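# Inside the fold
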Amino acid sequence: MFETLSRRLGAAFSELRGKGRLTEADVDEALRNVRLALLEADVNVAVVKSLLGRVRERAVGAEVTKSLTPGQQVVKIVHEELVRTLGGATAPLVRPAAPPLVVLVVGLQGSGKTTTAAKLAHHLRGEGRRPLLVAADLRRPAAIEQLETLGARIDVPVFSDRKAKAPKLVKQALKHARSAGHGAVVVDTAGRLQIDDDLMTELAAIRKIADPDEVLLVVDAMTGQEAVNVAEGFLETADLTGLVLTKLDGDARGGAAISAREVTGKPIKFVGVGEGIDDLEVFHPDRMASRILGMGDVLTLIEKAERAYDEEEALRAAEKLREATFDLEDFLEQLQRLRKMGPLQQLVGMLPGAGAALGDVDIDERRLARVEAIIRSMTREERRNPKLIDGSRKRRIAAGSGTRPQDVNALLKQFAEAQKMMKALAGGRNPIPGLALPGMGRSRRKR
Amino acid sequence: MPTETAVLIVLLALVAVVALVLVRRRSGGAASRSQPNPTLAAAVPDLRRRLGRTRSALAQAFRRSALDEAFWEELEEALLAADVGTEVTAELLAEVRARHPATPEAARVALEELIADSMSGADRSLHLDGNPAVILVVGVNGTGKTTTIAKLAKRLGDEGHRVVLAAADTFRAAAVEQLRTWGARLEVPVVAGASGADPASVAFEALETARRERADVVVVDTAGRLQSKTNLMDELAKIKRVLERNGASVSEVLLVLDGTTGQNAVGQAEAFRAAVDVTGLVLTKLDGTAKGGAAIAIERRLGIPVKELGVGEGLDDLVPFDPRAYAEALLEP
Ligand SMILES: Nc1nc2c(ncn2[C@@H]2O[C@H](COP(=O)(O)OP(=O)(O)OP(=O)(O)O)[C@@H](O)[C@H]2O)c(=O)[nH]1
Ligand SMILES: [Mg+2]
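What you are looking at is a predicted structure, and each value in this text was computed from that prediction instead of being measured.

Thresholds, definitions, all that
Throughout, residues of each chain are indexed from 1 in the direction in which the sequence is written. Ligands are numbered from 1 and chains lettered from A, in the order in which they are written. Local features in this predicted model are restricted to residues whose pLDDT is 70 or higher, and side-chain atom pairs enter the listing and the counts only when it is 80 or higher, whereas totals over whole chains, interfaces and linings include all residues. Here a helix means four or more residues in a row that DSSP labels H or I, a strand means two or more in a row labelled E, and each is numbered from the N terminus. Once C-beta atoms are placed from the backbone, each residue is buried if 20 or more other C-beta atoms lie within 10 Å of its own, exposed if 12 or fewer, and partly exposed for counts between those two. A residue pair is marked as a contact if its C-beta atoms, positioned from the backbone, fall within 7 Å. Domains are outlined according to an automatic or database domain assignment. Classes in brief: Ala, Val, Leu, Ile, Met, Phe, Trp, Tyr, Cys and Pro nonpolar; Asp, Glu, Lys and Arg charged; the others, Gly included, polar. Helix span, expected: 1.5 Å multiplied by one less than the number of residues in the helix. Put plainly, near means the residue's C-beta atom, positioned from the backbone, lies within 6 Å of the molecule or strand in question. Defined on buried residues, the nonpolar core groups Ala, Val, Leu, Ile, Met, Phe, Trp, Tyr and Cys residues joined through C-beta atoms within 7 Å. If DSSP finds at least two bridges between two strands, the strands pair. A clockwise path from the first strand over the helix to the second, with the strands pointing away from the viewer, defines a right-handed crossover. You can read pLDDT as the predictor saying how much it trusts each residue, on a scale of 0 to 100.

Attention now moves to the overall build of chain B. A tally of helices and strands in chain B yields 13 helices and 8 strands. The buried share among the 333 residues of chain B stands at 54%. Pairs at least 24 residues apart make up 69% of the contacts formed inside chain B by residues separated by at least 6 positions.

Have a look at this one:
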């Protein structure tokens, strides 16, 4: 579980597993690297400091578990501290004493408020709460149209008034919601900088009038050091109750989650994982901690897999892999399926230990596409039985895929090698030292 | 479906990919280095080495009179807090130290100079070659592409150019209306297709419109996309390809970066450059307190110049980038 960061922890500890208690020197050495990892993940520099302070306190003198090196032991403590900082468990929306539930969505420009508001409404609609969306972003051109379009798509009414001022509009919207018996109201507000006094004053006024049950700050997962200032600013003015982290489907490490959480003390309630209306998920602190530290994230991987495969297909593919009859045809099929699960780079990153075992693997999808082209240019028989591919077939495949015959050659050779590795894997041996394969654990379990 | 099976499949399929990386590494890079080959293994690889080296501990405080470790630590934190990133921060500090400044003030001045110098020399002008010249505007979601386009159109109009805007974000809800609103305010024609239309064909149509109406600049708005989404990046490449195939000169490809973005900005620049050959950066939202220091890393590593800064939501809030002023602002306490 700790390979990626452990690798960075370098030779300092290397073989010394389970060597009693962590010394101050052990801890400081490890924390220097942990600090870099956290900074590279965009955790705010001041937050890193206080975080490492807490870790240090817990770590010095802690016992080193038998199976871990001192470096890994420190990382384990760091991971635990991150999870704790991120808020231990998932946090649902509050249940108001009497409906409607009023949710105010606030944040910087371009952070994803409008999309999040629509996703939330969709989520509430799914719970049978008859939500109303309120378009209170009266500043950005076509912001109202954007919400109206989304509302129509999810069959949720949108309250708007192009001529009103935002606080008054919200007041009217709430009145309307009550009389029309809506169970929830989600208010989309204009993006604003936390240092923009006029707009922050307006936000305070909206907040006062709406008297919301939830005020959610939308934070872009790509946010850097600034997350701290943003969170502070909005906490003060808008009296936040929670956070939403957006654009997590990208490859940002998302250190802003730690920064915003640490500064506000408010739970991260949801994460946005795509542009689709369903792409809103509850937040899992442990997964986020792993992501920030660059560790594997098997749980997410499993979830994605469960969505991309149905049972029968899954069994069929698993059988092939187990019996090592996995051929180019299967490879092509699996590749397409993996694609549906997300960017391959991201998937590989979810494999615990992939970073350590492979160096920071950089999957060039563009080149992978060319590989796909080669395989596609083969006939089904050729894919099943590459031995058929002679010189003239090679030339045909190369021509069909816009490559050269030697490229086809290389591909065939490498696939044969890979097949051997898969055979080893199917035999219960892990051909890639350092790659921690869950479910085929090094000692726990045999297949 | 049993979780167990899911794990097995994902792993084995991923392992197929992963194993190929290893195969390629083992079979040695020498041959493939001299002749890049588009094969399965080649598709996976290229190991990015992170500079994981341990830094000497910089410890201490900024406004001290002495140039002690506290000062260096403070300076380091200032750079990190500006999103400069750990690697470039370390490099910059090393370079400053190599100049042996005598006082904290001298060190600060040296650092400012270093940053400005390392960024100056680049050509930061907007190129408008071709008739019409095409400016393609790209970036991840919500960075400020559409607003930047409005600002650009305003400036170009003020300079006497005839501009046509292409609403090639056919994906996001009301993206076309947003650009249309700006177009109406600026009295600049906006060419749009149906929602969900092929963005490349919208861009092409704008090109035709410009030719017909003798406009000399076409600015193409595109949908925001995360750089990790390969199919969307390919779509972007296609827009550019289609324009060029039809005789357009895409003289600028501007990547709009949100100034509040952290280290992910570097990955954005890499990916967008690979897809569409980015010619310049626009750093937005610098009217806030974010410093956009990741742009320094992008210039140093990738050599893509920052051309413009977005400093507000108004039409005039676009200013040409000046490295010296930027370096100064960066180190402002
Ligand atoms: N404060 C500030 N806000 C900006 C700046 N540039 C853009 N914005 C705001 O950022 C928000 C998003 O801007 P857009 O231009 O819609 O961004 P986009 O990249 O086109 O967004 P998508 O098309 O949805 O990906 C809007 O509210 C803009 O007003 C800037 O320089 N400063
Ligand atoms: Mg846009």
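More follows now that the structure is in view.
Take the domain arrangement of chain B next. Residue and element names in this part refer to chain B. Segmenting chain B into domains produces domain 1 (3-43), domain 2 (69-119) and domain 3 (133-321). The distance between the C-alpha centroids of domain 2 and domain 3 comes to 33 Å. Counting from both sides, the interface comprises 9 residues of domain 2 and, opposite them, 10 residues of domain 3. When residues of the side of domain 2 that touches domain 3 are assigned to their parent elements, the largest contribution, 3 residues, is made by helix α6 (residues 104-119). Of the residues belonging to the side of domain 2 that touches domain 3, the class tally is 6 nonpolar, 2 polar and 1 charged.

It is worth spelling out helix α9 (residues 227-238) of chain A at this point. All names here are of chain A. Taking 1.5 Å as the rise per residue, α9 with 12 residues should run 16 Å; its terminal C-alpha atoms sit 16 Å apart, in good agreement. By the criterion of burial, α9 is predominantly enclosed, with 9 of the 12 residues buried. Where α9 terminates, the next one or two residues include Asp-239, which has phi positive at roughly 55°.

Further remarks concern the site of ligand 1. The local shell around ligand 1 holds 25 residues, among which Gln-109 of chain A together with Gly-144, Thr-146, Gly-224 and Gly-310 of chain B are the closest. Near ligand 1, the surrounding residues belong to chains A and B. In terms of residue count, helix α7 (residues 145-158) of chain B provides more of the shell around ligand 1 than any other element does, 3 residues in total. Along the lines of polarity and charge, the residues of the shell around ligand 1 split into 3 nonpolar, 14 polar and 8 charged.

The subject of this paragraph is the environment of Leu-335 of chain A. Residue and element names in this part refer to chain A. Mapping Leu-335 onto the fold places it in helix α14 (residues 328-341). The class for Leu-335 is partly exposed, based on 18 C-beta atoms found within 10 Å. When the C-alpha positions of Leu-335 and Ala-399 are compared, they lie 22 Å apart, and in sequence the two are 64 residues distant.

Generally speaking, nonpolar side chains in soluble globular proteins are found buried as a group. Membership of the largest hydrophobic core comes to 194 residues, with the highest contact counts inside it found for Leu-133 of chain A together with Ala-166, Val-219 and Val-220 of chain B. Sorting elements by how many residues they give to this core places helix α2 (residues 24-40) of chain A first, with 8 residues. When residues no more than four places from it in sequence are discounted, the contact partners of Leu-133 of chain A are Ala-117, Ala-118, Ala-121, Leu-147, Gly-151, Val-156, Val-158, Phe-159, Val-186 and Asp-188 of chain A. Counting residues in hydrophobic clusters, the runner-up holds 16 residues, among them Leu-368, Ile-374, Phe-415 and Met-421 of chain A.

Residue and element names in this part refer to chain B. Of all 10 residues making up strand β5 (residues 249-258), 8 are buried, and the element is well covered by its neighbours. In this sheet, strand β6 (residues 280-284) lies alongside β5 in parallel orientation, the contact comprising 5 bridges. Within the sheet, the bridge partner assigned to Leu-257 lies in β6 and is Leu-283. One crossover worth recording links β5 to the parallel β6 by way of helix α11 (residues 264-276), and it is right-handed.

Across chain A, pLDDT averages 84, with 82% of residues at or above 70. Confidence drops under a pLDDT of 50 for residues 436-447 of chain A, and excluding neighbours within four residues, the segment shows 19 contacts in the predicted structure.

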